[in-house]
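Fold and geometry: a report
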Amino acid sequence: MPETFPLDHLECVWEKPDTLTETRFHYCPGCGHGVVHKILMEAVKELGIQGDTIGVAPVGCSVFAYHYMDVDMQEAAHGRAAAVATGIKRVLPEKYVYSYQGDGDLAAIGTAETIHAANRGENILVIFINNAIYGMTGGQMAPTSIIGMKTSTTPEGREIATQGFPFKITELIAMLPGAYYVTRQSVHTPNAVRSFKKAVLKAFQAQKEKRGYCLIEVVSNCPSGWKLTPVDANKWMEENMFPVYPIGDLKVEGKLGERMFTQVTKN
Amino acid sequence: MSETRLMKGNEALAEAAIRAGCKGYFGYPITPQSEVVEYLAEEGRQRGMVVMQVESELAAINMVYGAAGAGARVMTSSSSPGISLMQEGLSYIACAELPCLIVNVNRGGPGLGTIQPSQGDYFQATKGGGHGDYHLIVLAPASVQEMADFVYDGFDIADKYRNPVMILADGALGQMMEKVVFKEYTPAEHIPPKPWATVGKPPTRERNIITSLFIQPEKMETINIGLQAKYQRVRENEIRYELVEADDAEVLLVAYGLSSRICKKVVELARQQGLPVGLLRPITLYPYPYEILQELSERISSVLVVEMNSGQMVEDVRLGINGKVPVGFYGRMGGVIPSAEEVLHKVIEMFDRVELKHVEEEYHA
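Thresholds, definitions, all that
- Residues numbered from 1 in each chain as written.
- Chains lettered and ligands numbered in written order.
- Predicted model: local features only at pLDDT ≥ 70, side-chain atom pairs only at ≥ 80, totals over all residues.
- Heavy atoms only, no water.
- Patch = residues over 30% accessible without salt bridge, like charges linked within 9 Å, V, L, I, M, F, W, Y side chains within 5 Å.
- Areas by Shrake-Rupley, 256 points an atom, 1.4 Å probe, with all protein chains shown as cover.
- Salt bridge = Lys/Arg side-chain N within 4 Å of Asp/Glu carboxyl O.
- Helix = DSSP H or I, 4+ residues; strand = E, 2+ residues; numbered from the N terminus.
- Buried < 20%, exposed > 50% of the residue type's maximum accessible area, 1.4 Å probe, protein only.
- Contact = heavy atoms within 4.5 Å.
- Polar contact = N/O pair within 3.5 Å; in protein donor to acceptor, adjacent residues only side chain to side chain.
- Core = buried A, V, L, I, M, F, W, Y, C linked by side-chain atoms within 4.5 Å.
- Pairing = 2+ DSSP bridges.
- Axes fitted to C-alpha atoms, helices over the stretch in contact; angles between N-to-C directions.
- Domains from an automatic or database assignment.
- Buried area = accessible area lost by both parts, 1.4 Å probe.
- Parallel < 35°, antiparallel > 145°, perpendicular 65-115°, else oblique.
- Left-handed = near helix turned anticlockwise from the far one by under 90°.

**Observations regarding a nonpolar patch on the surface**
Residue and element names in this part refer to chain A. A contiguous nonpolar patch, built from Ile147, Ile160 and Phe165 and spanning about 290 Å² of accessible area, is present on the exposed surface. Looking at where phenylalanine 165 falls in the secondary structure, it is placed in the loop between helix H6 (160–163) and helix H7 (169–174). We classify phenylalanine 165 as exposed; its relative accessible area is 54%.

In structure tokens:
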């Protein structure tokens, strides 16, 4: 084995964008956060907006997002990322501002901030990771946990009578006139990753044109919280999450898609 | 050029904010301070400010966090119940060391309480309020003029220490009309550069991060030590107070804000009766003027603290006096303003007690 690897003769098939720092991800094996981080930062790099982008990190597993994303960032209190992003965007209207939030942050404790930011049509991008569980605090029920889902606070499975329904906040937001682009994506296959990246690029373009609020929900996994292997977790997600949270655009260029009307009454 | 106008306290404060170069205001209407957002919605917007009426005080304080973190001179205002909602954000702002101005036009509580003036939020304002070891710097105006002046000072002090500053007023100061002079003030000469702000990272520097999360306890302790060192500097440099007829006073009144105005009248009335009464009026409630109390305790015979609450600042007065002389308290609660006459009555009682003590001492001698 030669001392130096002959890189000259190899084709580069994977590269970490330099908009990601050298810090290793703390995420569990198989977790979707790492892929979402990379794609988001790839988009920032490709658009050449690293120097004009400010991110807002949430509370949850991605609380340390600012360790990895090489852009100016603010860490928000739990649920308040949309308000923090609003504050930044209103005083720096020419900059690109995004928040990165989980299901507890965005759809439970931060519901008011989320909905009002959307309703005002804030020119921000919100990345919403929905894995239907509270990963960081040890696997408790999320507002998006599906019916029957076992978590540490629903050991017998989530039941409607006492815990209510999975909160389809993305459908709710799509209904608001301030929301310009609302889509639901995933990152568990190469095709899904490509589609997610297109969504991110589209959302930043919309922000550049001051079109209004953009929300990208990423239905993601939590192998540790779900107590499944990464492969089984993705399979479980496809079989159980996607029927409740179907992948696709809900609203494009301010217009509700047909999918919206067929899905909003289901489940 | 300076300009004289007749205005409500809330309006004077809002006008001063525009003149102080405040770039953003985020708030939620609540009596008795809604004139602030109303004034800014018209005047502030016309003069280039971002003025937002938002969904809650919770959202407002977090917008202040975001905008202050982005380097803008920003503020919010509210009254007691709304300020309670902001405590979460204030703790984060204090830890992330973001300069900003918070105005509490204090009303009677607890709970939903009343819309009348009160000083019931003294503990909340001066002892932290939210979770963790932190302090706001607290300025207590006692006139419409100071409602305006302390806005400039508040912003400047906030920038100087990268610390949230609170103006603790009350419903009467917010609502009453007085003459106010707006001084000359050029924001550009006062607002320092903010190289730490998140404005977008040029290739020439590392990314800026605004956070209050330091998961390693040793690191978190280091952050705390830094904050405490800052508060020490604040205590050394920013204490403000006013003394009225205190040189020969036997009974010293201690009161801040609206109570101090009433006590000024009490001093006048008492002096007319030949009673040597003086007043110490703390202007900064944090940092608190303990030292002057210590000094005065050498030459006064007793202290009467007057507050529009059940006795909150009196604890700080006792710390300053440190047992040297008796400390009495007179307070009205729930939005009731004490009259000068009822305070004077209390003062006369104290003199009677002092005289009685002299008689007893002579008898024993």
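Now, onward.
**Concerning the interface of chain B and chain A**
A common way to express how large an interface is: the accessible area buried when the components associate. The partner chain A presents 34 residues to the 33 residues of chain B that form the contact. The tally of links from chain B across to chain A stands at four salt bridges. For B:Arg207, the salt bridge goes to A:Asp70, with nearest N and O atoms at 3.9 Å. Our enumeration of links across chain B and chain A arrives at 19 residue pairs in polar contact (both at pLDDT 80 or more).

**Notes on the nonpolar core**
By size, the foremost hydrophobic cluster in this structure holds 87 residues, and its most contacted members are A:Tyr213, B:Phe26, B:Val74, B:Val254, B:Val303 and B:Val317. If you tally residues by element for this core, the top one is helix H3 (residues 57–69) of chain B, at eight residues. With near-sequence residues (within four places) excluded, B:Val74 lies in contact with A:Val91, B:Cys22, B:Gly24, B:Phe26, B:Val64, B:Ala67, B:Ala68, B:Cys100, B:Leu101 and B:Phe155. The next biggest cluster of nonpolar side chains, apart from the first, holds 41 residues, and it includes B:Met7, B:Leu13, B:Met75 and B:Met147.

**Details of the sheet that holds strand E5 (residues 100–106) of chain B**
Residues and elements named next belong to chain B. Here we have seven strands laid out as an open sheet, ordered E3-E2-E4-E5-E7-E6-E13, and mixed in their pairing. If you trace the sheet from one side to the other, it starts and ends with strand E3 (50–53) and strand E13 (284–286), each paired once. On average, each strand axis in the sheet is inclined to that of its neighbour by 20 degrees, with strand direction left out of account. Direction of pairing for strand E6 (residues 137–139) relative to E13: antiparallel, over a ladder of two bridges. Across the sheet, the residue bridging to leucine 139 is threonine 284, located in E13. Across the sheet, H3 lies against strand E2 (24–27), E3, strand E4 (74–78) and E5, angled at about 165 degrees from E4, the strand it touches most. Helix-sheet contacts for helix H7 (residues 144–161) involve E4, E5, E6 and strand E7 (164–170), and the interaxial angle to E7 is about 160 degrees.

**Notes on the sheet that holds strand E10 (residues 255–256) of chain A**
The strand order across the open sheet formed by nine strands is E10(A)-E9(A)-E7(A)-E8(A)-E4(A)-E3(A)-E1(A)-E2(A)-E9(B), and the pairing between neighbours is mixed. Each of the sheet's edge strands pairs with one partner strand only, and the pair in question is E10 of chain A together with strand E9 (209–210) of chain B. Pairing between strand E7 (residues 179–186) of chain A and strand E8 (residues 213–219) of chain A: seven bridges, direction parallel. Following the sheet pairing, A:Ser186 is matched in E8(A) by A:Val219.

**Re the domain arrangement of chain B**
All names here are of chain B. Partitioning chain B into domains gives domain 1 (3–237) and domain 2 (241–364). Inter-centroid distance (C-alpha atoms) of domain 1 to domain 2 is 30 Å. With both chains or domains summed, domain 1 and domain 2 bury close to 2300 Å², and 56% of this area falls on carbon and sulfur atoms. Summed over the shared surface of domain 1 and domain 2, the result is three salt bridges. For glutamate 178, the salt bridge identified is with arginine 261, shortest N-O distance 2.6 Å.

**Quick look at the packing of helix H1 (residues 9–19) of chain B against helix H2 (residues 34–46) of chain B**
The relative placement of two packed helices comes down to the angle between their axes together with the axis-to-axis distance. Residue and element names in this part refer to chain B. Here H1 crosses H2 at 40 degrees, and the two axes come no closer than 8 Å. Put simply, H1 runs oblique to H2. Read as a crossing pair, H1 and H2 show a hand that is right-handed. The segment H1 lies against H2, with Asn10, Glu11, Leu13, Ala14, Glu15 and Ile18 engaging Glu35, Val36, Tyr39, Leu40, Glu43 and Gly44.

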